[in-house]
Amino acid sequence: MKRSVSILSILLFLALLSACTKAPGPDTQQVSVPDSSSKDAEQELPARRQAEPDAALQALTEQEAQQLLTRLGFALLSEFDTPSRLPLARMLYADASAAHAGRASEAASLRSDPAVQRVLAQIPAESSLEDALAGTMWFRRHTLEVISDEFTRLTGADVTERQISDLTDDARFCWVKSSDGVYYAAGYIQHAPAPVVTQVRRTDSGWQIDYLQTDGAGGASVEWADGQFLCGGTLTLDAQGHVCANRIDVDPQVQLGACVSLPDSQTRDLLLQLREMDAETLLSQSFSFPEDADLQALLCCGLIAPGKRAQELRAALGEPSWGTFAAAAPEQIAARLEQLTGTAPDPRQIAALRWPYSEAYDVYYGMVSGVVLPIEDAQAYRTPDGTILLAYAQTVEDASGRSFCGLAVLEDTDGLRIVSNRRYPLQPLPPAELSPRRGTAGAACGHGRRGDIFLRE
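Each residue is numbered by its place in its chain's sequence as written, counting from 1. Note on the predicted model: pLDDT of at least 70 is required for a residue's local features to be given, and 80 or more for side-chain atom pairs to be given and counted; whole-chain, interface and lining totals, by contrast, use all residues. Think of the side-chain values as coming from all heavy atoms in the structure, minus any hydrogens and water.

Undergrad: It is not clear to me how the overall build of the protein should be interpreted in this structure. Could you clarify?
TA: Elements are defined by DSSP. Helices are runs of H or I of four residues or more, strands are runs of E of two residues or more, and each kind is numbered from the N terminus. The helix and strand tally for the protein stands at 14 helices and 19 strands. Of all 457 residues assigned to the protein, the portion counted as buried reaches 44%. Residue pairs at least 24 apart in sequence account for 63% of intrachain contacts in the protein once pairs closer than 6 positions are excluded. Only the protein chains shown count as covering a residue, and every accessible area follows the Shrake-Rupley method with a 1.4 Å probe. Per element, the accessible surface of the protein, about 22,700 Å² overall, is 53% carbon and sulfur. Working definition: with a 1.4 Å probe on protein chains only, accessible area under 20% of the residue-type maximum means buried, over 50% means exposed, and in between means partly exposed. Throughout, a contact is declared for two residues whenever any of their heavy atoms are within 4.5 Å.

Given below as structure tokens:
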């Protein structure tokens, strides 16, 4: 018996020695960009990592790296150097399932919270808070135990008291505490960013995952967060595959280094002025100069709000009763464009209109079919020459749930005017220009001719 145990011990020792001296794979894995809609990205991390949380990984696959990016969600919009600085509010904000539906019995403790009031102002009047809690479109219920367990599984660390207290302090990703240990993510659920792995690199202490933001269809994109346009980043893992840090890469084409960031109160005032002007219609497209704007697309998005006269004209012109009908005289169109940009329509813009023109009633008329996106988040900057730059994020309320960013150039002399607007995602750039890289620290922004934005070193 003792001899058998001795032989078994030797065999085990030799097996362990062989495993420890086995040559590792290549230090760097160049990987192709995966399909962001793959079902694999929605699955849990492989069981071997959950079953042996303290075991060092001999390899990190592309699939595992992609799954980690998916699980972190909006947290990838934040830069952190230790797990204790990873924002809990962003990590689980987009996590929704039947298990996260709320409870009507907790409505009373939530009703007075400002974030909940903002939600109630957006949902149909006939819907009650209790009804909204029952689904996961506007509210997601999470217990602190579940939040902590997910955090530990991803990072190998314990949640800190500071992270818990910060959970309800994120202005963009709002969380509300209903009772001890119960939190609600409040606000319309958005799809998390769609980063894709570009490279997996092995380091002395673990792994690094380089990734790019995409528009969900394979094209390059950016995300707006914390006053920056982000194009990708690098996620650092330890030897066990736990998340340690995240470094974000700023879009090198939009550096605001020399611009002065305006206080939040001034940014809110600007947004209020733009909302009163109904300027979000104009911000629905990119243009370098007002005369470059697609006037036909603006009309389809409701540049001229339909009024009582439009309904009278619909009947007079024999237009069908379905859809949203709009009609506007040339003088109305010119006055509206001057209100928003300070300039009259270019003759080419008028000539390019595809809506019919009625000489009898002196109006262009047609159906409103476009989508106007609300500005959800913004930060204003002032350039050395006094021009205002408004960096903003908009949310699409269609099936894609994608977010779009923009950079609008504003002038505020005899009234607020929109000089130009650049929207993201842009057309895909050549691969060489898409590599994640740091923005130039000393970059400054300035102006050329009216409406142009350029950067200088």
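Undergrad: Where do I start with the side chain of Q213 in this structure?
TA: Among the secondary structure elements, Q213 is positioned in strand 6 (residues 206–214). With relative accessibility at 2%, the residue Q213 sits in the buried group.

Undergrad: Would you mind going over the layout of surface pockets with me for this structure?
TA: Considering only enclosed or pocket space, the largest pocket measures out at about 1,200 Å³ in volume. As for the largest pocket, its lining consists of 34 residues, and the residues nearest its centre are A171, R172, I375, E376 and D377. Listed by contribution, the elements that provide at least two residues to the lining of the largest pocket are helix 6 (114–120), helix 10 (264–276) and strand 14 (375–382). For the lining of the largest pocket, the element with the highest residue contribution is helix 10, accounting for 7 residues. Looking at the lining of the largest pocket, its residues break down into 15 nonpolar, 7 polar and 12 charged. Grid points spaced at 1 Å and placed over the protein atoms alone form the basis of the search, with a cavity being a set where a 1.4 Å probe fits but cannot get out and a pocket an open set showing protein on both sides within 12 Å along at least five of seven lines. Lining residues have an atom within 4 Å of a point. Grid points are joined across faces, edges and corners, and a volume is the space filled by probe spheres set on the points. Polar here means any residue other than Ala, Val, Leu, Ile, Met, Phe, Trp, Tyr, Cys and Pro, which are nonpolar, and Asp, Glu, Lys and Arg, which are charged; Gly is therefore polar.

Undergrad: I tried to follow the packing of aromatic side chains on my own but got confused; where do I start?
TA: The description of an aromatic ring pair rests on the distance of the ring centres and on the angle between the ring planes. Two aromatic rings, drawn from Phe, Tyr or Trp (for Trp, its six-membered ring), form a pair once their centres lie within 6.5 Å of each other, and the interplanar angle then sorts them: stacked below 30 degrees, edge-to-face above 60, tilted otherwise. Inspection of the entire model under this criterion finds 8 aromatic pairs. Judged by centre distance (5.2 Å) and plane angle (55°), the rings of W224 and F229 are tilted. Relative to Y365, the ring of F325 has its centre 6.2 Å away and its plane inclined at 40°; by these criteria the two rings are tilted. With F325 in strand 11 (residues 324–328) and Y365 in strand 13 (residues 363–368), the pair connects residues that are 40 residues apart, well separated along the chain. A single burial state applies to F325 and to Y365, both of which are buried.

Undergrad: What should I look at first to understand unusual backbone geometry in this one?
TA: The general pattern is negative phi for most residues beyond glycine and trans for most peptide bonds. The phi angle at D278 is positive, at roughly 55°, despite the residue not being glycine. In this structure, D278 sits in the loop between helix 10 and helix 11 (295–300). Accessibility expressed as a relative area gives 32% for D278, which makes it partly exposed. One non-glycine residue, D362, lies in positive phi territory at about 55°. Taking the relative accessible area as the measure of exposure, D362 reaches 27% and is therefore partly exposed.

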